[in-house]
Amino acid sequence: MDEPTPAMPPAAEPPKPLLARVFGATRYIMALAVLGIFVGSVALLLSGAFDIFAAVWHQLTDAASAAGANRGDLRLHMIEAVDTILVATVLFVIAAGLYQLFVHPALNLPPWMQTDSVDDLELRLAGMVVTILSVIFLTAALEWEGEGGLLGFGLAIASVIA
């Protein structure tokens, strides 16, 4: 009868060089940046939501608003609050993208949130800057009372966007 041969133990992997282990572990340091961006995103989201509720509450309880005197103020507050929420959303997407790139590549995200490179995140950030500058100009235009300076301000913003 043939006697079974004992199984050979798997060959041990040679130890990785120190630098390779350090770089492999430092990707988890990016988790600190992700956490910071995520916390900032949540803070902005809560701030924007609070601003919306406060503006609506003020509109509903202010006696002068019944005559429509503060409708422009409500419009302005709502635009600024939505802008804050959009910034929070972009920061959340950037945090998720950094986490996906550096910590957990197989993160289950919807297709529109998938990040393949840092370039994807830079494009999202650039889009956010354009949106913020546009809202800043819109706010200035809504508050403008006819004095000069709006054209120069608009041209300065347009030059940054272009």
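Before any of the text, the structure's been laid out above.
The structure displayed is predicted, hence computed values, not measured ones.

Colleague: Before we go on, may I ask you to explain the overall build of the protein in this structure?
Modeller: Of the regular secondary structure elements, the protein holds five helices and zero strands. The helix and strand sequence of the protein, counted from the amino end, reads α-α-α-α-α. Within the protein, contacts between residues at least 6 apart in sequence are counted, and of these 54% link residues at least 24 apart. Counting every atom, the protein has about 11400 Å² of accessible surface; 71% of that belongs to carbon and sulfur.

Colleague: It is not clear to me how the nonpolar core should be interpreted in this structure. Could you clarify?
Modeller: Considering soluble globular proteins, one finds that nonpolar side chains tend to be buried as a cluster. If you look at the biggest cluster of nonpolar residues, it comprises five residues: V34, I94, A95, L98 and L121. Examining the composition of this core, we find that three residues originate from one element, helix 3 (residues 71–102), more than from any other. Ignoring anything within four residues of it in the chain, the contact list for L98 reads M30, V34, I37, V103 and L121.

Colleague: Where do I start with the environment of V118 in this structure?
Modeller: Within the secondary structure, V118 sits in helix 4 (residues 118–143). V118 gets classed as partly exposed once you look at its relative accessible area, which sits at 42%.

Reading the values: rules and limits
- Residues numbered from 1 in each chain as written.
- Predicted model: local features only at pLDDT ≥ 70, side-chain atom pairs only at ≥ 80, totals over all residues.
- Heavy atoms only, no water.
- Helix = DSSP H or I, 4+ residues; strand = E, 2+ residues; numbered from the N terminus.
- Contact = heavy atoms within 4.5 Å.
- Areas by Shrake-Rupley, 256 points an atom, 1.4 Å probe, with all protein chains shown as cover.
- Core = buried A, V, L, I, M, F, W, Y, C linked by side-chain atoms within 4.5 Å.
- Buried < 20%, exposed > 50% of the residue type's maximum accessible area, 1.4 Å probe, protein only.

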